[in-house]
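# Fold and contact review
Below are the chains, spelled out letter by letter.
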Amino acid sequence: MKPCALYVEEFVEGAEILKVLAHPVRLALIKVMLESGPTNVTSLYEGFEMPQSTISQHLAKLKQHRVISGTRNGLEIYYEVVDPRAQSMIEAFGAAAR
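Residue positions are given per chain, counting from 1 as you read along its sequence in written order. Reporting of local features is limited, given that this is a predicted model, to residues whose pLDDT is at least 70; pairs of side-chain atoms are given and counted only at 80 or more, and all residues count toward the totals for whole chains, interfaces and linings. To get the side-chain values, take all heavy atoms of the structure and skip hydrogens and water.

## Overview of the pattern of salt bridges
For this document, the term salt bridge refers to a Lys or Arg side-chain nitrogen within 4 Å of an Asp or Glu carboxyl oxygen. In this structure the tally under the stated criterion is four salt bridges. The shortest N-O distance in the salt bridge between arginine 85 and glutamate 13 comes to 3.0 Å. Placement of the pair is arginine 85 in helix H5 (residues 84–97) and glutamate 13 in helix H1 (residues 4–21), with a sequence separation of 72 residues. Residue burial is assigned from relative accessible area. The probe radius is 1.4 Å, only protein chains are included, and a residue is buried under 20% of its type maximum, exposed over 50%, and partly exposed in between. The class for glutamate 13 is exposed, based on a relative accessible area of 56%. Among the ionic pairs, aspartate 83 bridges to arginine 85, the shortest N-O distance being 2.7 Å. Aspartate 83 gets classed as buried once you look at its relative accessible area, which sits at 9%. Accessibility expressed as a relative area gives 31% for arginine 85, which makes it partly exposed. It is possible to trace a salt-bridge network through shared partners that takes in Glu13, Asp83 and Arg85. The way it works is that DSSP assigns letters per residue, a run of H or I at least four long becomes a helix, a run of E at least two long becomes a strand, and they are numbered from the N terminus.

What follows is the structure, encoded as structure tokens:
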């Protein structure tokens, strides 16, 4: 049997992604980006009916942890999901909700 510490080490990275995703707004942002493709902040804050600063803070956290990436197009930045674990989480939550 493996020492328990080795089991803990196996889950460190997974626990980090769970912490980043552990907010309903961030989960919803990821779902929107997965369904819509690259999306700019204006579209997101209008759709969520939240201040742009709130959406930007959530996007910054997701970007900091490399869940999403941003591509500049003129004055706008379009964000998209780049971490396949995030998509798996959204799919798992969707399946659990059924």
